[in-house]
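Commentary on secondary and tertiary structure
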Amino acid sequence: LVEGACNQLATPHLPSGQGQVGVSVTVRHMAPTPIGKKVRAEAELVGIDRRKLSFKVKIYDDVEQVGEAEHDRFVIDLDKYMAKLKAKVEGVR
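Description of the structure in this document. (Residues numbered from 1 in each chain as written. Predicted model: local features only at pLDDT ≥ 70, side-chain atom pairs only at ≥ 80, totals over all residues. Heavy atoms only, no water.)

In terms of regular secondary structure, the protein is built from 2 helices and 4 strands. Reading the helices (α) and strands (β) of the protein from amino to carboxyl end gives α-β-β-β-β-α. Relative to its length of 93 residues, the protein is extended, with a C-alpha radius of gyration of 16 Å against a globular reference of 12 Å. In terms of principal-axis extent, the alpha carbons of the protein reach across some 50 × 30 × 20 Å. Pairs at least 24 residues apart make up 54% of the contacts formed inside the protein by residues separated by at least 6 positions. Counting every atom, the protein has about 7,000 Å² of accessible surface; 53% of that belongs to carbon and sulfur. (Helix = DSSP H or I, 4+ residues; strand = E, 2+ residues; numbered from the N terminus. Rg over C-alpha atoms; globule rule 2.2 N^0.38 Å. Contact = heavy atoms within 4.5 Å. Areas by Shrake-Rupley, 256 points an atom, 1.4 Å probe, with all protein chains shown as cover.)

What the 4 strands build is an open sheet, ordered S1-S4-S3-S2; its pairing is antiparallel. For this open sheet the edge positions go to strand S1 (18-29) and strand S2 (40-49), each flanked by a neighbour on one side alone. When strand polarity is set aside, the average angle formed by the axes of neighbouring strands in this sheet is 25°. By the bridge criterion, 9 bridges tie strand S3 (residues 52-60) to strand S4 (residues 65-77) in an arrangement that is antiparallel. Looking at S4, one finds that Lys-56 is bridged to Glu-70. Helix H2 (residues 78-89) contacts S1 and S4 of the sheet and is inclined by roughly 90° relative to S4. (Pairing = 2+ DSSP bridges. Axes fitted to C-alpha atoms, helices over the stretch in contact; angles between N-to-C directions.)

Here the focus is helix H1 (residues 2-10). For H1, the full list of buried residues reads Val-2, Ala-5, Cys-6 and Ala-10. Projected down its long axis, H1 carries its buried residues within an arc of 125°, all on one side. The inward-facing, buried residues of H1 contact S1, S2, S3 and S4. (Buried < 20%, exposed > 50% of the residue type's maximum accessible area, 1.4 Å probe, protein only. Arc of directions from axis to C-beta.)

Here it is, written out as structure tokens:
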């Protein structure tokens, strides 16, 4: 949920041919939410350091805030990333 909210926030602002990957998530649970209830995440971009994007995220259910998170993502070149994945699948180092 946290990564998805941050990805959704950043994607429209990236140039063509670039994407992003999550590299760290720190989550603090603050209250329980019963199974089956909906939760939502509100992400805020709080820092940019070259290719690193830093976010703060608040997580809510229908009643209250149930969590918060810090999340970092890196902007990547999609062609290079896909080439590395392909090489890994094919067993090439």
